[in-house]
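Letter by letter, the chains look like this.
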Amino acid sequence: VFAGRAAVLWERVWPAIWPMLGVLGIYAILALTGVLELLSAITRVSLLWLLGATLFVLFWNFIRPIRIPRWEDGARRVERDSGLTNRPITEGADNLAAGHADPLTTKLWQTHVLRLLASVQSLRVKLPSPKLQRRDPYGARFVMLAVLIAAFFYAGPQAGDRLRTAFLPPLTDPQDDVLFNAWISP
């Protein structure tokens, strides 16, 4: 059931996190190709603030509403992936609707639940299938990944420095840093 809950959680989280990763990927591509270095310091800082605001909005709209799967969700996933009929796992958690006072009815219900649970031979959970092709029918995520890998190769040994300065930009432009030495003789 834990594995079923994890699979359901992944199927809910991955499609929600994809837009955030896409925005971060575009920003990283701009940084790795050196495009951000062509911009002024104030433009880079403004772009970084815009990136942060965009990520916050995406988080608020996509990730925040995600519900953590309950035990029933995981059990239902295991039943579905294992091809079990009559819901033996989730029905085992059901309660007797009527006849609590009758010991024969209670014993019959317990026997039914035990027989259901004993009929379960092998349980399995299939790999999660987040169905991202619905949100990205043209496969832009693969194009972005390929361009990101190409940008890493293009940046070469400067990749780390470019990413660092993209996320921690200098607050002044290099041409604004003027060194002035003056010697004064008494």
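Before going into details, it helps to say that this report is about the structure given with it. Treat the numbers as computed from the prediction; the structure is a model and nothing was measured. (Residues numbered from 1 in each chain as written. Predicted model: local features only at pLDDT ≥ 70, side-chain atom pairs only at ≥ 80, totals over all residues. Heavy atoms only, no water.)

Moving on, we get to the pattern of salt bridges. A pair can form between side chains of opposite charge whenever their charged atoms are brought close. The tally for this structure, following the rule as stated, stands at 9 salt bridges. With a shortest N-O distance of 2.6 Å, arginine 77 and aspartate 81 are connected by a salt bridge. One end of the pair, arginine 77, and the other, aspartate 81, are both in helix 3 (residues 71-82), 4 residues apart, so they sit about a helical turn from each other. We note that arginine 77, like aspartate 81, is buried. Residue aspartate 161 is joined to arginine 164 by a salt bridge in which the shortest nitrogen-to-oxygen separation is 3.5 Å. Placement of the pair is aspartate 161 and arginine 164 together in helix 7 (residues 159-167), with a separation of 3 residues, close to one helical turn. Among the residues examined, aspartate 161 registers a relative accessible area of 45% and is labelled partly exposed. Linked through salt bridges whose partners overlap, the residues forming this network are Arg12, Arg70, Glu72 and Asp73. (Salt bridge = Lys/Arg side-chain N within 4 Å of Asp/Glu carboxyl O. Helix = DSSP H or I, 4+ residues; strand = E, 2+ residues; numbered from the N terminus. Buried < 20%, exposed > 50% of the residue type's maximum accessible area, 1.4 Å probe, protein only.)

Counting 10 residues, the largest nonpolar core consists of Ala16, Met20, Tyr27, Ala31, Leu36, Leu51, Leu55, Leu58, Ile63 and Ala166. The residues touching leucine 36, leaving out its near neighbours within four places in the chain, are Tyr27, Leu30, Ala31, Arg44, Leu47 and Ala166. Grouped together as the second largest cluster of nonpolar side chains are 8 residues, Ile29, Leu32, Leu148 and Ala159 included. (Core = buried A, V, L, I, M, F, W, Y, C linked by side-chain atoms within 4.5 Å. Contact = heavy atoms within 4.5 Å.)

As a further point, take a nonpolar patch on the surface. A contiguous nonpolar surface patch, about 320 Å² in accessible area, is contributed by Phe56, Val57 and Trp60. Along the chain, phenylalanine 56 falls in helix 2 (residues 41-63). (Patch = residues over 30% accessible without salt bridge, like charges linked within 9 Å, V, L, I, M, F, W, Y side chains within 5 Å. Areas by Shrake-Rupley, 256 points an atom, 1.4 Å probe, with all protein chains shown as cover.)

Attention now goes to the layout of surface pockets. For the largest pocket, the calculated volume is near 190 Å³. Examining the composition of the lining of the largest pocket, we find that 6 residues originate from one element, helix 1 (residues 2-32), more than from any other. Each residue belonging to the lining of the largest pocket can be placed in one class, and the counts come to 8 nonpolar, 2 polar and 1 charged. (1 Å grid on protein atoms, 1.4 Å probe; cavity = no way out; pocket = protein on both sides within 12 Å on 5 of 7 lines; lining within 4 Å. Points joined across faces, edges and corners; volume = space filled by probe spheres on them. Nonpolar A, V, L, I, M, F, W, Y, C, P; charged D, E, K, R; others polar.)

Along its length, helix 1 reaches its greatest deviation from straightness, about 35°, at tryptophan 18, and the proline proline 19 lies no more than four positions downstream. Where helix 1 ends, the next residue or the one after it, glycine 34, has phi of about 90°, a positive value. (Bend = angle between axes of the 7 residues up to and from the residue.)

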